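Examination of the molecular architecture
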Amino acid sequence: MGRLTTHVLDTALGKPAAGIRVELFRDGTRIAEATTNADGRTDAPMLSPLEAGEYELLFHAGDYLRRTGQGDGVLFLDRIPIRFGIADAEGHYHVPLLISPFAYSTYRGS
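Residues numbered from 1 in each chain as written. Predicted model: local features only at pLDDT ≥ 70, side-chain atom pairs only at ≥ 80, totals over all residues. Heavy atoms only, no water.

**Observations concerning the sheet that holds strand E4 (residues 21–26)**
Put simply, the rule reads: Should DSSP find at least two bridges between two strands, the strands are regarded as paired. Only DSSP runs of H or I with at least four residues qualify as helices, and only runs of E with at least two residues qualify as strands; both kinds are numbered from the N terminus onward. Every angle, taken between N-to-C directions, lies between 0 and 180 degrees, and every axis is a line fitted to C-alpha atoms, over only the stretch in contact when it is a helix.
Spatially, the four strands line up as an open sheet ordered E5-E4-E6-E7, and their pairing is antiparallel. Each edge of the sheet is formed by a strand with only one pairing partner; in this case those strands are strand E5 (29–35) and strand E7 (79–86). If you compare each strand with its neighbour and ignore which way they point, the axes differ by 20 degrees on average. Across eight bridges, the pairing between strand E6 (residues 53–60) and E7 is antiparallel. Its bridge partner being in E7, Leu57 is matched across the sheet by Ile82.

Here you go:
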């Protein structure tokens, strides 16, 4: 059975990003929500089982950046959307987010 997981790493501070709210959308509808734990991961997969289709993870990074003293007021990065497709409903899709106050990156992990 396939699953979708995620985690967030703070590359500016060199540690996992705890307490980031993450929402999962499909076709504009929110289907899941979680908050990253002390290891920067969600306690459970964001979605399992999977269905093929297009999805979006929305990371509420601004609250975290403010809380850790990496910004205030209007931030360069606040909410970070990552849109991606799932072709293999039996696969494991891991979509990590690496953040700093002025940049982010992602990839399909394992």
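**Examining the pattern of salt bridges**
The condition is simple: Salt bridges, as used here, are contacts in which a Lys or Arg side-chain nitrogen is within 4 Å of a carboxyl oxygen on Asp or Glu. Three labels apply to residues, based on accessible area from a 1.4 Å probe with only protein chains included: buried if under 20% of the type maximum, exposed if over 50%, partly exposed otherwise in between.
Following the criterion strictly, the structure yields eight salt bridges and no others. Of the charged contacts, one joins Arg30 and Glu33 as a salt bridge, the two residues approaching to 2.8 Å between their closest N and O atoms. When its relative accessible area of 45% is taken as the criterion, Arg30 is described as partly exposed. Among the residues examined, Glu33 registers a relative accessible area of 41% and is labelled partly exposed. Notably, a salt bridge pairs Arg83 with Glu56, separated by 2.7 Å at the nearest N-O pair. Taken as a pair, Arg83 in strand E7 and Glu56 in strand E6 lie far apart in primary sequence, 27 residues in all.

**Re the nonpolar core**
Rules: Only buried residues count toward a nonpolar core. Its members are Ala, Val, Leu, Ile, Met, Phe, Trp, Tyr and Cys residues joined through side-chain atoms within 4.5 Å. In what follows, residue pairs with any heavy atoms lying within 4.5 Å of each other are defined as contacts.
One finds Leu4, Leu24, Phe59, Phe84 and Ile99 to be the most contacted residues of the largest nonpolar core, which totals 27 residues. For this core, the leading source of residues is E7, giving four residues. Setting aside residues no more than four positions away along its own chain, Phe59 makes contact with Thr6, Val8, Ile20, Arg21, Val22, Asp78, Arg79, Ile80, Ile82, Val95 and Leu97.

**Side note on the sheet that holds strand E9 (residues 97–100)**
An order of E3-E2-E9-E10 is seen for the four strands of this open sheet, with the pairing classed as mixed. The open sheet has two free edges, formed respectively by strand E3 (15–16) and strand E10 (103–106), since each of these has just one partner strand. As defined by bridge partners, strand E2 (residues 8–10) adjoins E3 across two bridges and the pair is classed as antiparallel. Residue pairing in the sheet places Leu9 in a bridge with Pro16 of E3.

**Structural notes on the environment of Leu57**
Here Leu57 lies in strand E6. For the pair Leu57 and Ala44, spaced 13 residues apart in sequence, the C-alpha to C-alpha distance is 15 Å. Leave out the neighbours within four places in its chain, and Leu57 touches Thr6, Val22, Glu23, Leu24, Met46, Ile80, Pro81, Ile82, Phe84 and Val95.

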